[in-house]
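Chains, contacts and geometry: an overview
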Amino acid sequence: MNPQDFGKVAVLFGGTSAEREISIMSGTGVLEALRSGGVDAHAFDPAERELVELKHEGFARCFVVLHGRHGEDGTVQGALELLGIPYTGSGVMASAVAMDKVMTKRIWQADGLPTPRYARLAFDQQSREQIMAVPDVLGLPLIVKPPREGSSIGVTKVMGYSEMQDAVTLAVGYDTDVLCEEFIEGEEVTCAVLGNGLNAQALPVVRIAAPEGAYDYQNKYFTDDVKYHCPSGLPEAEEQEIRRISLAAYHQLGCRGWGRADLMIRASDRKPFLLEMNTSPGMTTHSLVPMSARAAGISYEDLCLRVLASATLDSRAEV
């Protein structure tokens, strides 16, 4: 596709979520890549401008690089549907479901895909007795996190009963509900998916080696302490199984365009477990989708152009 055929393109980044800083980093990279590829691309921050201006200013499509709430959760996607402006990534329903890790896990479990055991503490189920009962069910250590945030924001690895209350309090600062999840001891990996329907493909797996297993917000974006391996160095059978279940997870949520599954490989038996699906993945210099694409022979610029070319509306989509 000729870059001029895309028309006037808005790169949506920034926004109002807790991941605003990362979104700006991602969006700046995408904007520069599209412009270098000859696309008439413009920055657009929904935190500073009304979305209806997209229509008034004649934008033909949107590249969504918003992370977290009010960007990756179906809300912006719904607004763009009403405005009739094609956009990148998953549609309204898939975006909303994938943003909610509890709903995501329910769908994956119903379809037989492996994901860690969990307990949901709704806003009215957070008494001291209910909180302290969780380790009895899931064991220790366990993970406590807000179910509708990303980038490891508000996440705590709980080692003992005495840490449960503080972990829940931290998570509640970002969400009314709390997700408590069985801790999977082992290696963390991620797998990007590109495309729609039967044409979607899982890209090479990235293996993540974080210092003392602390793949947190700071290490993800602001240090060089984390080591990323792509090719992953995993046995070929493990690599293929991770790509298989990542693609299945993508399809079962109804995702399109692109996405990235995060997984853990349990050390005791090498079984992979799905943690979450990102429908608007990071595109910073530290980000994993560009790294995986590069291993598949796709440059950052070409990746951005391919994702932009997939922009569509729910009414026109093929998933």
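Heads up: the structure comes first, above all this text.
Everything quoted here is computed from the prediction, not taken from an experiment.

Attention now goes to the pairing of strand β1 (residues 8–12). Among the 5 residues of β1, 4 are classified as buried, and the element is accordingly described as predominantly covered. Here β1 pairs with strand β2 (residues 40–44) via 5 bridges, running parallel. The residue bridging Val9 from the neighbouring strand is Ala41, located in β2. Taken together, β1, helix α1 (residues 20–36) and β2 constitute a β-α-β crossover, and its handedness is right-handed.

We now examine the nonpolar core. Judged by nonpolar contacts, the single largest core of 25 residues is most densely connected at Val11, Val30, Leu34, Val39, Phe63 and Leu303. Of all the secondary structure elements, the ones that give two or more residues to this core are β1, α1, β8 (186–194), α10 (288–295) and α11 (300–309). Sorting elements by how many residues they give to this core places α11 first, with 5 residues. When residues no more than four places from it in sequence are discounted, the contact partners of Phe63 are Val9, Ala10, Val11, Leu12, Val30, Leu34, Thr88, Trp258, Cys304, Val307 and Leu308. Counting 23 residues, the second largest nonpolar core, distinct from the first, contains Leu113, Val193, Ala202 and Ile265.

Attention shifts here to the sheet that holds strand β3 (residues 61–64). In sheet architecture, strand pairing relies on hydrogen bonds along the backbone and comes in two forms, parallel and antiparallel. Reading across from one edge, β2-β1-β3 is the order of the 3 strands in this open sheet, with parallel pairing throughout. At either end of the open sheet lies a strand with only one pairing partner, and these are β2 and β3. Going across the sheet, the axis of each strand differs from the next one's by a mean of 30°, ignoring polarity. Two strands pair when backbone bridges link them, and β1 and β3 are joined in this way by 4 bridges, in the parallel orientation. When the sheet's bridge partners are listed, Ala10 is paired in β3 with Cys62. Where α1 meets the sheet, its contacts fall on β1, β2 and β3, and the angle it forms with β2 comes to roughly 165°.

Calculation rules
- Residues numbered from 1 in each chain as written.
- Predicted model: local features only at pLDDT ≥ 70, side-chain atom pairs only at ≥ 80, totals over all residues.
- Heavy atoms only, no water.
- Buried < 20%, exposed > 50% of the residue type's maximum accessible area, 1.4 Å probe, protein only.
- Helix = DSSP H or I, 4+ residues; strand = E, 2+ residues; numbered from the N terminus.
- Pairing = 2+ DSSP bridges.
- Right-handed = clockwise from strand over helix to strand, strands pointing away.
- Core = buried A, V, L, I, M, F, W, Y, C linked by side-chain atoms within 4.5 Å.
- Contact = heavy atoms within 4.5 Å.
- Axes fitted to C-alpha atoms, helices over the stretch in contact; angles between N-to-C directions.

Read these as geometric descriptors, not functional statements.
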